[in-house]
Amino acid sequence: MRFPIFIAGEAREDREVFREGIMAFIGKGRSADMYRIIRTGEKNRAAEGETVRQNRVGELEYLTFPALTAAGMAGHLFTTRTGGVSTGDCASLNLSFSRGDLPEAVQENYRRICAVMGVSPEDVVASAQTHTTNIRRVTAADRGKGVLYPQDYRDIDGMVTDVPGVVLACFFADCVPLYFVDPVRRAVGLAHSGWRGTAGRMGECMVRRMQKEFGSDPRDLIAAVGPSICRECYEVGGEVAEEFRSRFAQEGIITPGREKGKYQLDLWLANRVILKEAGIPEENIHVTDICTCHNPQYLFSHRASHGRRGNLAAFLYILNNFSENA
Ligand SMILES: [Zn+2]
C-alpha cells in the first residue's frame, strides 16, 4: 500500500481553512434536491421516523443513524460517493489509498469529510481489513495511522476505543458496517463484517471485547448495522449458504435464489440476530434500510460495479467536548 507523504503542520493548517469553508455551507439545512435513495429494508421497529438519515453539506451527502446521534456522546457518519474529487471508478469521495486512486485525491477527500465532522485527518485511525474477526483497542498513539502515517498493525477488521477525539474508520463497498456506542462506559466500537466476518460472528466478538476492555454491559450498548448489500441483491453459492445454515438457527437468513444452486443471503438479518444473541436489547439495534447495490450511483458497490469501485467509509468517535451534565 502506498502512503501519502504528509507534513503534520500542513494538515493542521488545512483543517482550519477547511472548517471555515464548511461553516459557510452549514445552516443551509436539508436540500430538496438530495439524491433519491432507494430504500429496501424493513422499517425500524423502535426508532421514530427514519432509521438512516440523509444529510448534506454543500455537494457532500452523508448518512447518519439518528439513534446513534441521540446517545449524545459520539460522532459518526457513513459516507456516500458525493462531494469528493476522485474521478472514474472512484468518483468521487473514495477514501481508500488501495483502490488505484491518486493519493492526492484521497487526501483531499479526507480533508473534506473530516471538515464535515470537525476533526482532522490526523485524528483518524484506519482499519486494516482482511475479513478477519480481529479487533484492536485503539489509543491516542494510533492517531493518523493508515491515513497520514503507515500502519504498524495488520489484519484488523474491528476497533474499539474509550479515548475522546480518536476517530475510528472502516471501509466498505457492500460489506456490513457495525457501529457500537456505550453511553455508560463512554466507549465506542466500529467493525467491518462481510459474509466471512458475519459467519465468524464479528458483532458478538465486538460486544465481548467491549465488555472485556471497558466493562461494557451489552444491555447499555446502542448498535447500528450500516448501509451494505441487501438480501435481494446478495446471491451466494451453495457453500456459503451451507455455512450460514449450519451456524444460524434463525429462518430467513438463507432463502432460495433465482436459479438452482443459488441462494440469497440476508446479512442484515444475520447481524441483527448476532447482536441480539450477544445481549443487546432489540430496541437498541438499528438496522439500515439502504442497500449499496441498489444505489450504485450514490454508494460504492463491489457487486454492482463488478469490482471497479472506490471505498466508502464509516467513522465513529467519542466527542471531545462531551460533558456528562450536558
Ligand atoms: Zn439491494
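The structure presented is a predicted model; accordingly, all values stated were derived computationally and were not measured. (Residues numbered from 1 in each chain as written. Predicted model: local features only at pLDDT ≥ 70, side-chain atom pairs only at ≥ 80, totals over all residues.)

1. Remarks on the overall build of the chain
Consideration 1: What the chain contains, in helices and strands, is eight helices and 15 strands.
Consideration 2: A burial count over the chain gives 48% of its 326 residues as buried.
Consideration 3: Long-range contacts, defined here as pairs at least 24 residues apart, represent 67% of the contacts in the chain between residues at least 6 apart. (Helix = DSSP H or I, 4+ residues; strand = E, 2+ residues; numbered from the N terminus. Buried ≥ 20, exposed ≤ 12 C-beta atoms within 10 Å, placed from the backbone. Contact = placed C-beta atoms within 7 Å.)

2. Some details on unusual backbone geometry
Consideration 1: Residue S92 is reached from A91 by a cis peptide bond, and omega for that bond is -10°.
Consideration 2: Even without glycine at this site, D174 takes up a positive phi of about 120°.
Consideration 3: Mapping D174 onto the fold places it in the loop between β7 (167–172) and β8 (176–182).
Consideration 4: Its identity is not glycine, yet H306 carries a phi of approximately 55°, on the positive side.

3. Things to note about the nonpolar core
Consideration 1: Residues L168, Y179, V188, A223 and Y317 are the most contacted members of the largest nonpolar core, which totals 96 residues.
Consideration 2: Beyond its immediate sequence surroundings of up to four residues, L168 is in contact with V125, V138, M159, T161, V188, L190, F315, L316 and Y317. (Core = buried A, V, L, I, M, F, W, Y, C linked by C-beta atoms within 7 Å.)

4. Things to note about the pairing of strand β10 (residues 222–225)
Consideration 1: Side chains of β10 alternate between two faces, with I222 and A224 and A223 and V225 buried alike.
Consideration 2: Examined bridge by bridge, β8 and β10 share four bridges and lie antiparallel to one another. Its bridge partner being in β10, L178 is matched across the sheet by V225.
Consideration 3: Two elements, β10 and strand β14 (residues 285–287), share three bridges in a ladder whose sense is parallel. (Pairing = 2+ DSSP bridges.)

5. Focus: the confidence of the model for the chain
Consideration 1: Counting all residues, the mean pLDDT for the chain is 91, and 86% of those residues have values of 70 or more.
Consideration 2: The low-confidence segment residues 1–15, where pLDDT is below 50, has 21 contacts with residues more than four positions distant or belonging to other chains.
Consideration 3: Under a pLDDT of 50 for its full length, residues 23–29 has, in the predicted model, three contacts with residues more than four places off or in other chains. (pLDDT = per-residue confidence, 0-100.)

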